Amino acid sequence: MTERHTRRGPGRPSANGPTPPTDEEILTHGLAAFVELGYDGASMRELARRLGVSHNFINDRYGSKLAFWQAVVDHALEDVTRSLAPVLHPEAAAVDDAARLTAVVRRFYEISARTPLLNQLMMEESHRASERLDYLVERYIGPTLAAVQPSVQRLVDSGRMPPTPIYMLYAAVIGPVIAMTGNPMMAKLGQPADRQESEMVARANELARVILDGMLGPRPPAL
């Protein structure tokens, strides 16, 4: 069972000292720190230094480093979950399965283009078994795949898609995300370092088209 974090209200600023960072700033900077240092390399002391808080702050506010990591992930994925919800759980029950899968993959890639730090954290955590990976799968990845699996199965049953285990679907979709994370390898291969968000989203949509054409053949209608 993974350890869950508990949040407390922000502390009061000192009468004479600098204004303490907000919860938003703490969680945003925490994400950057975990991506740069890795979980094991992010000591409590170094995290506190980067967050601009006392060395006891994380234990006092969140309870442990793991609970703080969970809070960072929950904060980073809050907007992702909200953005995916309309296509992952469309109100129209009769939405075409191919259109639904198309909309989910396109939306996922658009989100990935806008959240490179989150992508890097999730990619790094996927390489080793840990409580953190369990947390990501149980809270986010698993429920997302479970939501699209019925559509995938109907597409397979109708002959629109070849038989595709859900782990293969995940591998096919998640692989190209590396192209949107600012990965050093992509830079070596010529990916521009300074990209406008509109260009990143356009590239995300093109990647989605390539993947979907491979899975579904001719492009299905958009949701």
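Scroll up to find the structure this text is about.
Note that this is a predicted model, so its numbers are computed, not measured.

Conventions we followed
Residues numbered from 1 in each chain as written. Predicted model: local features only at pLDDT ≥ 70, side-chain atom pairs only at ≥ 80, totals over all residues. Heavy atoms only, no water. Helix = DSSP H or I, 4+ residues; strand = E, 2+ residues; numbered from the N terminus. Buried < 20%, exposed > 50% of the residue type's maximum accessible area, 1.4 Å probe, protein only. Contact = heavy atoms within 4.5 Å. Core = buried A, V, L, I, M, F, W, Y, C linked by side-chain atoms within 4.5 Å. Phe/Tyr/Trp six-rings, centres within 6.5 Å; stacked < 30°, edge-to-face > 60°. Lys NZ or Arg CZ within 6 Å of the ring centre and 35° of its normal. Axes fitted to C-alpha atoms, helices over the stretch in contact; angles between N-to-C directions. Parallel < 35°, antiparallel > 145°, perpendicular 65-115°, else oblique. Left-handed = near helix turned anticlockwise from the far one by under 90°. Nonpolar A, V, L, I, M, F, W, Y, C, P; charged D, E, K, R; others polar. Salt bridge = Lys/Arg side-chain N within 4 Å of Asp/Glu carboxyl O. Bend = angle between axes of the 7 residues up to and from the residue. Polar contact = N/O pair within 3.5 Å; in protein donor to acceptor, adjacent residues only side chain to side chain. Arc of directions from axis to C-beta.

Peer 1: Explain the overall build of the protein to me, please; I cannot follow it from the model alone.
Peer 2: Secondary structure summary: the protein contains 10 helices and zero strands in total. Sequence-ordered secondary structure for the protein, helices as α and strands as β, is α-α-α-α-α-α-α-α-α-α. In the protein, which comprises 223 residues, the share counted as buried stands at 40%. Of all intrachain contacts in the protein linking residues separated by at least 6 positions in sequence, the fraction that spans at least 24 positions is 72%.

Peer 1: Help me understand the nonpolar core, please; the structure alone is not making it clear to me.
Peer 2: Across soluble globular proteins, nonpolar side chains show a tendency to be buried alongside one another. With 58 residues, the main nonpolar core has Phe 34, Phe 68, Trp 69 and Met 215 as its most contacted residues. A per-element tally of this core places helix H4 (residues 65-88) first, with 13 residues. If near-sequence neighbours (up to four positions away) are discounted, Met 215 is found in contact with Leu 101, Arg 160, Met 161, Pro 162, Leu 169 and Val 173.

Peer 1: How should I be thinking about the packing of aromatic side chains in this particular structure?
Peer 2: For the structure on display, the rule yields six aromatic pairs. Ring centres 5.0 Å apart and planes at 55 degrees place the aromatic pair Tyr 62 and Phe 68 in the tilted group. For the cation-ring pair, Lys 65 lies above Tyr 39, with the distance from its terminal atom to the ring centre recorded as 4.3 Å.

Peer 1: Any chance you could explain the packing of H4 against helix H6 (residues 116-125) here in plain terms?
Peer 2: For any two helices packed against each other, one specifies the inter-axial angle together with the distance between the axes. Running from N to C, H4 and H6 point in directions that differ by 125 degrees, and their axes come no closer than 11 Å. In terms of orientation, H4 and H6 fall into the oblique class. When you trace H4 past H6, the crossing you get is left-handed. On H6, the residues that touch Trp 69, Val 73, Ala 76, Leu 77 and Val 80 of H4 are Leu 118, Leu 121, Met 122 and Glu 125. Tallied by class, the residues present in the contact of H4 with H6 amount to eight nonpolar, no polar and one charged.

Peer 1: Sorry, what's going on with the environment of Leu 121 here?
Peer 2: As for its position among the elements, Leu 121 is in helix H6. Distance from Leu 121 to Ala 32, taken between C-alpha atoms, is 9.0 Å for residues 89 residues apart in sequence. Residues in contact with Leu 121, not counting those within four places in the same chain, are Leu 31, Phe 34, Val 35, Trp 69 and Val 73.

Peer 1: Is there a simple way to explain the pattern of salt bridges in this structure?
Peer 2: Close approach of charged atoms allows side chains with opposite charge to pair. In total, this model carries 10 salt bridges according to the counting rule given. In this structure, Asp 79 engages Arg 82 in a salt bridge whose closest nitrogen and oxygen atoms are separated by 2.5 Å. Here Asp 79 and its partner Arg 82 are both found in helix H4, three residues apart, which amounts to about one turn of the helix. Of the charged contacts, one joins Asp 97 and Arg 154 as a salt bridge, the two residues approaching to 2.8 Å between their closest N and O atoms. On the criterion of sequence distance, the pair formed by Asp 97 in helix H5 (residues 97-114) and Arg 154 in helix H7 (residues 131-157) is long-range, its members being 57 residues apart. A residue is classified by how much of its surface remains accessible, and Asp 97, at 15% relative accessible area, is buried. One connected set of salt bridges, linked through shared partners, spans Glu 36, Glu 46, Arg 49 and Arg 50.

Peer 1: In this structure, what is going on with H7? I would like to understand it.
Peer 2: Side chains of residues three or four places apart in an α-helix project in the same direction, reflecting 3.6 residues per turn. The principal kink in H7, of about 45 degrees, is found at Val 137. Burial in H7 covers these residues: Arg 132, Tyr 135, Leu 136, Tyr 140, Ile 141, Leu 145, Ala 147, Val 148, Ser 151, Val 152, Leu 155 and Val 156. In this structure Ser 130 caps H7, since a side-chain oxygen of it lies 3.2 Å from the backbone nitrogen of Arg 132. Where H7 terminates, the next one or two residues include Gly 159, which has phi positive at roughly 85 degrees.

Peer 1: Explain H6 to me, please; I cannot follow it from the model alone.
Peer 2: Of all the positions in H6, only Leu 118, Asn 119, Leu 121 and Glu 125 are classed as buried. Taken down its axis, H6 places every buried residue within 165 degrees of arc, on the same side. In this fold, the buried residues of H6 make contact with helix H1 (23-37), H4, H5 and H7.

Peer 1: Explain the environment of Pro 163 to me, please; I cannot follow it from the model alone.
Peer 2: Counting through the fold element by element, Pro 163 comes out in the loop between H7 and helix H8 (166-174). Using a relative accessible area of 71% as the deciding quantity, one classes Pro 163 as exposed. On a C-alpha basis, the gap between Pro 163 and Val 152 in space is 9.0 Å, while along the polypeptide they are 11 residues apart.

The values reported here are purely geometric and, on their own, carry no functional implication.
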